[in-house]
Amino acid sequence: MDYKKILKEHTFKTWSKQKGWEPIIVTQARGVYFYDNNGKRYLDFSSQFVNVNLGYGNEKVINAIKEQLETLQYINPSFGAEIRAKAAEALLQVMPKTISKFFFSTSGTEANEAAVKISRFYKKPSYKILARYRSYHGSTEASISLTGDYRRWFVEPNTMNGVVRIPEPYCFRCPLKLKYPDCNIACANYVDYIIKQEKNVAAVIVEPITGTNGVIVPPKEYMPLLRQIAKENDILFIADEVMTGWGRTGEWFAVNIWGIEPDILTTAKGASASYVPIGITGVSKEIGEFFEDNIFAHGHTFEAHPVSLAAIPAVIEEYKRLNLLSHVKAMGEYLGKRLNDLKDRHISVGDIRGVGLFWAIELIKDSKKTPFGDYEDKYNGKLTLVDILAKKLLEKGVYVYNGPSWFIISPPLIINKEEIDQGVDAIEEVLKDADKEFLK
Ligand code: PLP
């Protein structure tokens, strides 16, 4: 069978023009590596889209899923599958303690769609949702409208109404042109003003650490302040932990870093370690109780799918058995140090930022911090130097997910030091090309 031909002619490559797609045909994967049909091995240095948290081939998770398939592969969600209760019970043990009731879907975007609807039902007649420019919340209508980056531009003007932008805590390129710490966290303080001027704000949604837009770690004061502003103004605080959840930062959820508790937490990706599709919208007790006498007007045929739910308790057990949170902290320290060393040696490395096993290398092409590419390039389908370097890395057998001017380093959480070295060494090789551009 000519796999490549069929894939190209009869399946879509997303977020891309179709012409020119030359897919690598992947046939198997184990640990932190995947293999193509020529037997070539690739180190997965980004956990694909920051989702293969337990690596590939975890037998405990596979067996839990198999067992569920063999006992009850599907029952419509008006019935009560035992595994749904087991998944909820397991989640309660690891989620922030405000979160007490769950809606299960099959993706991050659906988790956020549900969060928007729930917020609007609960806060009616308030309906506005605050979201940041440098953000990604998913590709379906509400989520792409919340999304602040170039991916929203494709669907404009057909976006959901009621989204209001707030600035992001991106200190390397402060949108307010201020400098930390003299800025007094103006990006958060300004939100109070926005809420009051807008009126009818139902919620604010943020990625606690911005993911695809370049692993933007906020200054330590930002999240507690934003949480407090939401509370004082009586709006809901939604933490989009689709990417940051599940040990990625060395905590179960990134909000734990600052000890803050959201009213709604959305997650997906690592919740099943990507063995099966899953999306989770967790809400507070108060929100849950609101629906005792109000219709929860939402749902899907595949919501709370028993096979997807089976992964949740199994994944949580694996995190505990493998002591992954401590492992991530230890490996994160090592990876962070190795990446920071690159900054000393390579003039094109503008910024290294991250926490746990979630890092970005932001590249610049001159001393004015000009990026190698921006959202206009992505919108126009133009390859940037960083896209080209990522391709080069793939040829070298290292997969790294990238933005227009940054690499995202987010390996499976089971990675060891030798594997980290392999990935960082390969990156160091291609950085020489970026340095040459800088010096031109
Ligand atoms: N939210 C965040 C923070 C994400 O990073 C993503 C995907 O990368 C999503 C939502 C959407 O998740 P999905 O691709 O599962 O729909």
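Residues numbered from 1 in each chain as written. Predicted model: local features only at pLDDT ≥ 70, side-chain atom pairs only at ≥ 80, totals over all residues. Heavy atoms only, no water.

The protein is annotated in an unreviewed UniProt entry as Aspartate aminotransferase family protein from Saccharolobus caldissimus.

A. Molecular detail of the site of the ligand. The full set of residues close to the ligand is Ser 107, Gly 108, Thr 109, Asn 112, Tyr 136, His 137, Gly 138, Glu 207, Asp 240, Val 242, Met 243 and Lys 269. Taking Asp 240, its side chain carries an N or O atom lying 2.8 Å from a nitrogen atom of the ligand. Within the side chain of Lys 269, one N or O atom sits 2.9 Å away from an oxygen atom of the ligand. Contact with the protein chains removes 83% of the 390 Å² of surface that the ligand exposes when unbound. When residues in the shell around the ligand are grouped by element, the largest group, 3 residues, is from helix H5 (residues 108-123). (Near = heavy atom within 4 Å. Polar contact = N/O pair within 3.5 Å; in protein donor to acceptor, adjacent residues only side chain to side chain. Areas by Shrake-Rupley, 256 points an atom, 1.4 Å probe, with all protein chains shown as cover. Helix = DSSP H or I, 4+ residues; strand = E, 2+ residues; numbered from the N terminus.)

B. A look at the environment of Leu 439. For Leu 439, the location among the structural elements is in helix H15 (residues 417-439). With a relative accessible area of 63%, Leu 439 lands in the exposed category. Taking the C-alpha atoms as reference, Leu 439 lies 8.4 Å from Ile 347; in sequence the two are 92 residues apart. (Buried < 20%, exposed > 50% of the residue type's maximum accessible area, 1.4 Å probe, protein only.)

C. Expanded view of the packing of helix H7 (residues 186-198) against helix H8 (residues 222-232). Running from N to C, H7 and H8 point in directions that differ by 15°, and their axes come no closer than 9 Å. In terms of their interaxial angle, H7 and H8 are classed as roughly parallel. When the axes of H7 and H8 are compared, the crossing they make is right-handed. In this structure, H7 uses Cys 187, Ala 188, Asn 189, Val 191, Asp 192 and Ile 195 to contact H8, whose residues at the interface are Tyr 222, Leu 225, Leu 226 and Ile 229. Grouping the amino acids of the contact of H7 with H8 by side-chain chemistry returns 8 nonpolar, 1 polar and 1 charged. (Axes fitted to C-alpha atoms, helices over the stretch in contact; angles between N-to-C directions. Parallel < 35°, antiparallel > 145°, perpendicular 65-115°, else oblique. Left-handed = near helix turned anticlockwise from the far one by under 90°. Contact = heavy atoms within 4.5 Å. Nonpolar A, V, L, I, M, F, W, Y, C, P; charged D, E, K, R; others polar.)

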